[in-house]
Structure formats: structure tokens, C-alpha cells
Amino acid sequence: TVVNGSLRKFYFGVNSIKDFEDEKQLEHAFILLSKELKISYSTLLKCEVYSIEIGKNFIIDESVSAIINSIKKFSVLKPKRYSESLTFIGSQYDFIIYDKIEEIKNKIGKYGISEIIRNTGNKQYIRLELRLKTKQAIKNKLSKETETIHDILRLCQFFPYVLFHEIKRLEFIEEQL
């Protein structure tokens, strides 16, 4: 099967900057996934969820690397710094901030840059992701009753709030620049 990793990338394409906008769109992605996996949609909805990534791309005016460098410099928690990202690592979840356009460039190479510019208008996109790595993390961050894909669909309208809650949890050192 061609499904590998990300439902968002499966639905919108590997090099897309689009995100799910609502429950209907997410539901349509699951319907297509059930067809790809050759199982009924009702069977798919009963599947247990063991991990999930909640993410959102944001258009920004500042350079993504400048924002990432500022967060790293003034964050109380010391994140892992990779080429174009920061990762705050926890035992049950990770919070990741990265340059979405750079990620795409790294995947498609220098020959695909004109395609990226055509699709994004040469804008800056920062991506925030919360990776819930365990069933317990899913229950802690979403709902104690979260078990299946059906539950995820029911709760997806709250994903932006969960993501912003994690952003608010970042603590910064107050220093004079």
C-alpha cells in the first residue's frame, strides 16, 4: 500500500503545505484511507489509535530560522536543535517547531524549488506539531475516552486548542536584548 506515516501527506500530497480544515475533510481522508487499505470505513473507525501528530502550518512574516533561534535562545527548557527545527522531547510526547518549506526543499531537492514557490507564493511557513507517542499521552492530552479513530474524528475540532495549549506551556527567560 502507498500509505506511509502521515494521513495529511496521504490526503494532500507529500509536498503539500495544506492542513485539515474541518471534521468533514478529515473524515473524507479516512474514507479514502479505508479504500486504500481495502477495509470498510466502519472497520477503520473501530481501529485503536496508538499515536497521533497534531500539527498546523502558519504563514509568518519573519524568517522561520530567526524565530527558531529566538525560541532556542530564550527557552527555559533546552530543546534539541536540528537543521531547521526545534524539538522539545518528552517521555510521552514531543513538541516540534520547524520550517515547513525547508522540509519540502530537503525532500524534493533544488530542482523542485520553482514548484514550491509556485505553490506557496514564496511565503514563510512555520509548522508546529505535537506528537503524542503513547495511548496514555493521547488520553492525557485529548480525552480519557480516546481509543479509536472514531474518537479522534469526534475530537478533531479541539486539536487547535490542544496545540495552542502546548505553545502556552513554553516558558521563556526574561532578558534584556
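Attention now moves to the packing of aromatic side chains. Taken as a whole and assessed by the stated rule, the structure comprises 5 aromatic pairs. Seen from their ring centres, phenylalanine 88 and phenylalanine 95 are 6.4 Å apart, and the 40 degrees between their planes marks the pair as tilted.

Okay, the environment of leucine 142 next. Considering the arrangement of structural elements, one finds leucine 142 in the loop between α7 (135-141) and α8 (149-155). Measuring from C-alpha to C-alpha, the distance between leucine 142 and leucine 155 comes to 7.5 Å, with 13 residues separating the pair along the chain. When near neighbours in sequence (up to four residues on either side) are disregarded, leucine 142 contacts Ile54, Leu132, Ile152, Leu155, Phe159 and Val162.

Take the pairing of strand β5 (residues 124-132) next. Most of β5 is tucked away, with 7 of its 9 residues classed as buried. Where strand β1 (residues 52-60) meets β5, 9 bridges bridge the pair, whose relative direction is antiparallel. In the sheet register, isoleucine 60 faces β5, and the bridge partner there is glutamine 124. Where strand β4 (residues 93-99) meets β5, 7 bridges bridge the pair, whose relative direction is antiparallel. Its bridge partner being in β5, phenylalanine 95 is matched across the sheet by leucine 130.

What counts, and where the lines are drawn
- Residues numbered from 1 in each chain as written.
- Predicted model: local features only at pLDDT ≥ 70, side-chain atom pairs only at ≥ 80, totals over all residues.
- Heavy atoms only, no water.
- Phe/Tyr/Trp six-rings, centres within 6.5 Å; stacked < 30°, edge-to-face > 60°.
- Helix = DSSP H or I, 4+ residues; strand = E, 2+ residues; numbered from the N terminus.
- Contact = heavy atoms within 4.5 Å.
- Buried < 20%, exposed > 50% of the residue type's maximum accessible area, 1.4 Å probe, protein only.
- Pairing = 2+ DSSP bridges.

It is worth stressing that arrangement in space is one thing and function is another; only the former is reported here.
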